Amino acid sequence: MHVLLVEDDPYVVGPLRRGLARYGYDVSWVCTGEAALASPTLDLVLLDLGLPDVDGLDVCRELRARSDVPLIVISGRDSEVDRVVGLELGADDYLVKPFLIRELIARMRAVHRRHPGGKGVAVAPRLEVYGRVAVDRRAHRVFLDGTEIPLRPKEFALLVFLSDRLEALVTREVIMDCVWDSNGFGSTRTLDVHVAALRGKLKDALAIECVRGVGFRMVVRTALPSA
């Protein structure tokens, strides 16, 4: 088995590579999230979260969006929140440092048994279709009439939130609480800016209707606009 080790601490890397080699594993090592995302798909990924350039949770999310490669988080972060978030983002297991090499090997073998076929297989897009708009939530991609349209992270989050509540009127306060965490904002002007941006990009395929003084509702328009 060929393992990709994503770890920036050389004091961890040395013993870990030697221990894995004793059990017959080939190890490729990278020390940044960018290098991990640029690496070819191997048989299994061991991912530290404390990387110098990108948070390991973001790397986990992106790797899982691209493939079903077995992935184990190895981290000094031992809080329940970090473990739950790592697993929710797609990690197959979460092992807190320090750990014994034999425990890691056992977990790697268990994870690999759940992934028959070895190397990660590209994940087919899981598209949710709303008229002329298709949304791949796992990959954070949106398509209008078959062409991908670029959305900023909060634009995507707003689109998903409203599409889960089609035809329903949602108050500004609820949207801010759920999409932005309103504790950090004194007004909802930022919501208006993002609604305007979405309207421009979706070109009325998904209409975001405003009820003045209350909030917004999203409505699907299936027909193409008239010439």
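Residues numbered from 1 in each chain as written. Predicted model: local features only at pLDDT ≥ 70, side-chain atom pairs only at ≥ 80, totals over all residues. Heavy atoms only, no water.

Glancing now at helix α7 (residues 172-180). Taken residue by residue, α7 has R172, I175, M176, V179 and W180 as its buried positions. Burial along α7 is one-sided: seen end-on, the buried residues are contained in an arc of 95°. For α7, the secondary structure elements touched by its buried residues are α6 (153-163), β10 (170-171), α8 (189-202) and β12 (215-220). (Buried < 20%, exposed > 50% of the residue type's maximum accessible area, 1.4 Å probe, protein only. Helix = DSSP H or I, 4+ residues; strand = E, 2+ residues; numbered from the N terminus. Arc of directions from axis to C-beta. Contact = heavy atoms within 4.5 Å.)

Another point: the nonpolar core. Among the nonpolar cores identified, the biggest contains 27 residues, and L159 and I175 are the most heavily contacted of them. Elements with a minimum of two residues in this core: β7 (133-136), β8 (141-144), α6, α7, α8, β11 (206-211) and β12. When residues in this core are grouped by element, the largest group, six residues, is from α6. Ranked by size, the runner-up nonpolar core spans 18 residues in total, among them L4, L42, V69 and A91. (Core = buried A, V, L, I, M, F, W, Y, C linked by side-chain atoms within 4.5 Å.)

Across the junction of K97 and P98, the peptide omega takes the value -5°, indicating a cis bond. Of note, P98 is situated in the loop between β5 (93-96) and α5 (101-113). In this structure, D145 takes a positive phi of about 55° despite not being glycine. Along the chain, D145 falls in the loop between β8 and β9 (147-149). With a relative accessible area of 43%, D145 lands in the partly exposed category. In this model, K203 sits at a positive phi of 50°, which is unusual for a non-glycine residue.

Quick look at the sheet that holds β10 now. Each strand in a sheet pairs with its neighbour through backbone hydrogen bonds, running either in the same direction (parallel) or in the opposite one (antiparallel). Taken in spatial order, the three strands make up an open sheet running β10-β12-β11, and their pairing is antiparallel. Strands with a single pairing partner mark the edges of an open sheet, and in this sheet they are β10 and β11. In this structure, β11 lies alongside β12, joined through six bridges in antiparallel fashion. Bridge pairing in β12 links I208 to M218. Sitting on the sheet, α8 is in contact with β11 and β12, with an inclination near 150° to β11. (Pairing = 2+ DSSP bridges. Axes fitted to C-alpha atoms, helices over the stretch in contact; angles between N-to-C directions.)

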